[in-house]
Amino acid sequence: MKSSMTPGAVHKQYDEGVSAFRRHIAGPDVRLAVTREADGFFRSCALGVWQADGSPVTTVHVEYYGAIYCKGNPVPATLFWELSTAVAEYPGFQVPPFFHKMMEYDRTFGKDLSRKFIDLMTLMLLLFAAVDDRGSEKEAAFVNSCADRLSALCDRAGIAGGGHGVQAGDFVTQTAVPTGAAPVAAGEEKAEAQPQEETESAPSLEELLAQLEELCGLEKVKADVKSLINLVKVRKLRQEQDLPVPPMSLHLVFMGNPGTGKTTVARLLAKIYHAMGVLSKGQMVEVDRSGLVAGFVGQTALKTQEVIAKAIGGVLFIDEAYALVNQENANDFGKEAIETLLKGMEDNRADLIVIVAGYTELMDNFIHSNPGLESRFNKYFFFEDYDGGQLMEIFRSMCKKNGYTLDEEAEAYAVEGFRDLYEDRDENFGNARDVRNVFERAVSHQADRLAAMEKPTREDLMALTVADLREEEEAEK
């Protein structure tokens, strides 16, 4: 078996994908579990993919199996006969223990970490299927079944989100499938399952604007959004009266620091445009560089095309888009992703809006790196940092949403803490993300405190105290 991918390339893409996901896990217990258990889980998945393929295991598979590890973790060492036996005796897909921890975290804090893990798993399994430069329908069916099983658990747990990643059926249509195979069949089941949101009553434009208005701060952004909506409304009225309508790009640049609400506003805009009839579906597909750029030649364009296809009818939100431009390497695959993106924007200009987001200075460099980007992105929204009072407002909202209360002393302590957090901010300031970290730390401290009580009351279970809000170093003084 020959392959255009080296084991080193497989390791690099695997390590980058898992490590990037792990960095987004705020909960320390979940992050530790993923660090310890992910490699073993994904190696077992590789066994399942190769068993589904049905082709004989070769010594090259042994090299690829040895590449499935993250930096700092033990490197697997297996012999050919051991791997052959393991593939043949693969017992079937098993839900990893850390996935249940993810779901519990999502239920507690209203996140969608487990949904995003399903996207990561799908991409990794597709990587394992591609080591022989071909993807079979059986491999795609296995990948889909694994994703479906985890998705069903999320559905039963009431965890929202999803729609970030790549589906296995899409992969099969773009790889070499034996003659006579029906490559789209594996993806058709997914296609039928997607329109569930369409059956729900979509919120009205007025309801969506009310949601926008409820967001903390962002006064300039809110005004810009309303101005943009008015512009779209007037354009539609002119079209109805057969009046000339000058060309206008609805693609947007969101500039600002992390945690300032860029993703939230983008998601609302997708729904607003759908309510106005500008977009046919109103979904939002969120990616970053890793979701567009592949680690080996020829796959970046396909990967970017897959993401664009998912976003048609809605908004494609590219976070940290500046990472697509590598000033030090002119041959970086990010350039291919940008060129594919520009073509996709042109081909689907009637039913696709792209929003790119990131730090202000870096985004300015990104836009000016390509004339095609400059011509298509000419509307800029600036997201300012939250001040101390706004950070406190966000914290109160988190407490209320999750059933926690603050007494007067804890309230005063938090107000002072967020004021200091804002005034002492540096390049690592995370805005609402820092508030989320404070809240999660307080909940963890409260749990440790209540564990020592024999029968905590309802009020005890709800109350966050000054002791809960203090950081470990401060509490030790």
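From a predicted model like this one, the values you see are computed outputs, not experimental measurements.

Undergrad: Would you mind going over the packing of helix α11 (residues 205-214) against helix α12 (residues 219-240) with me for this structure?
TA: The geometry of a pair of packed helices is captured by two quantities: the angle between their axes and the separation between those axes. Across the interface, α11 lies against α12 with an axial gap of 10 Å and an inter-helix angle of 160°. As far as their axial angle goes, α12 and α11 are roughly antiparallel. Handedness of the crossing formed by α11 with α12: right-handed. Along the contact surface, α11 presents Leu205, Leu209, Leu212 and Glu213, while α12 presents Lys222, Val225, Lys226, Ile229 and Lys233.

Undergrad: Please clarify how the pattern of salt bridges should be interpreted in this entry.
TA: Between side chains of opposite charge, pairing is possible as soon as their charged atoms come close. As enumerated under the stated definition, the model contains 14 salt bridges in all. For Asp347, the salt bridge is made with Lys343, and the minimal N-O distance between the two is 2.6 Å. With Asp347 and Lys343 both in helix α16 (residues 333-347), this residue pair falls four residues apart, about one helical turn. The residue Glu346 makes a salt bridge to Arg376 at a minimum N-O spacing of 3.6 Å. A residue pair is termed long-range when its members are at least 10 positions apart, and Glu346 in helix α16 and Arg376 in helix α18 (residues 371-376) qualify at 30 residues. Judged by relative accessible area, Glu346 falls into the partly exposed class, the value being 35%. Judged by its relative accessible area of 21%, Arg376 is partly exposed. Here the residues in one salt-bridge network are Glu346, Arg349 and Arg376, joined through shared partners.

Undergrad: Mind showing me how you'd approach the side chain of Asp434 here?
TA: In this fold, Asp434 is placed in helix α21 (residues 432-451). Notably, Asp434 is buried but unbridged: the nearest opposite-charge side chain belongs to Arg433, and the N-O separation is 8.1 Å.

Undergrad: I would appreciate a short explanation of the environment of Phe93 in the present structure.
TA: Here Phe93 shows up in the loop between α4 (80-88) and α5 (97-109). The spatial distance from the C-alpha of Phe93 to the C-alpha of Ser44 is 8.1 Å, given a sequence separation of 49 residues. For Phe93, the residues in contact, after removing those within four places along its chain, are Phe41, Cys45, Met121, Cys146, Arg149 and Leu150.

Undergrad: How do you make sense of a nonpolar patch on the surface when you look at a structure like this?
TA: Side chains of Leu79, Phe80 and Trp81 sit close together on the surface and give an oily, nonpolar patch of about 350 Å² of accessible area. One can find Phe80 in helix α4.

Undergrad: Please clarify how the confidence of the model for the protein chain should be interpreted in this entry.
TA: Do not read the fine detail of predicted coordinates wherever pLDDT is low. Per-residue confidence for the protein chain gives a mean pLDDT of 83, with 87% of residues at or over 70. Confidence drops under a pLDDT of 50 for residues 162-200, and excluding neighbours within four residues, the segment shows 68 contacts in the predicted structure.

Undergrad: Would you mind showing me how to read the environment of Lys262 here?
TA: When you line up the elements, Lys262 lands in helix α13 (residues 262-275). Filtering out sequence-adjacent residues up to four positions away, Lys262 remains in contact with Phe254, Met255, Gly256, Asn257, Phe317, Ala357, Gly358 and Phe383.

Undergrad: Looking at this structure, how should I read the packing of α5 against helix α7 (residues 137-157)?
TA: Running from N to C, α5 and α7 point in directions that differ by 30°, and their axes come no closer than 11 Å. In terms of orientation, α5 lies roughly parallel with respect to α7. When the axes of α5 and α7 are compared, the crossing they make is right-handed. Residues Phe99, Met103 and Arg107 of α5 touch α7, and the partners they reach there are Leu150, Leu153, Cys154 and Ala157. Taken together, the residues that form the contact of α5 with α7 break down as six nonpolar, no polar and one charged.

Undergrad: Whenever I open this one, the packing of aromatic side chains confuses me. Can you help?
TA: In this description, a pair of aromatic rings is defined by centroid distance and the angle of the planes. Scanning the model with the defined rule gives 19 aromatic pairs in all. Aromatic side chains Phe21 and Phe117 sit 5.7 Å apart centroid to centroid with 55° between the ring planes, which places their arrangement in the tilted category. Here Phe117 lies in helix α6 (residues 113-129) and Phe21 lies in helix α1 (residues 7-23), a separation of 96 residues in the sequence. Look at Phe21 and you get buried, because its relative accessible area is 10%. By way of ring pairs, the aromatic residues Tyr14, Phe21, Phe41, Phe42, Phe93, Phe98, Phe99 and Phe117 are connected into one cluster.

Parameters and conventions
- Residues numbered from 1 in each chain as written.
- Predicted model: local features only at pLDDT ≥ 70, side-chain atom pairs only at ≥ 80, totals over all residues.
- Heavy atoms only, no water.
- Axes fitted to C-alpha atoms, helices over the stretch in contact; angles between N-to-C directions.
- Helix = DSSP H or I, 4+ residues; strand = E, 2+ residues; numbered from the N terminus.
- Parallel < 35°, antiparallel > 145°, perpendicular 65-115°, else oblique.
- Left-handed = near helix turned anticlockwise from the far one by under 90°.
- Contact = heavy atoms within 4.5 Å.
- Salt bridge = Lys/Arg side-chain N within 4 Å of Asp/Glu carboxyl O.
- Buried < 20%, exposed > 50% of the residue type's maximum accessible area, 1.4 Å probe, protein only.
- Lys, Arg positive; Asp, Glu negative; His and termini not counted.
- Patch = residues over 30% accessible without salt bridge, like charges linked within 9 Å, V, L, I, M, F, W, Y side chains within 5 Å.
- Areas by Shrake-Rupley, 256 points an atom, 1.4 Å probe, with all protein chains shown as cover.
- pLDDT = per-residue confidence, 0-100.
- Nonpolar A, V, L, I, M, F, W, Y, C, P; charged D, E, K, R; others polar.
- Phe/Tyr/Trp six-rings, centres within 6.5 Å; stacked < 30°, edge-to-face > 60°.

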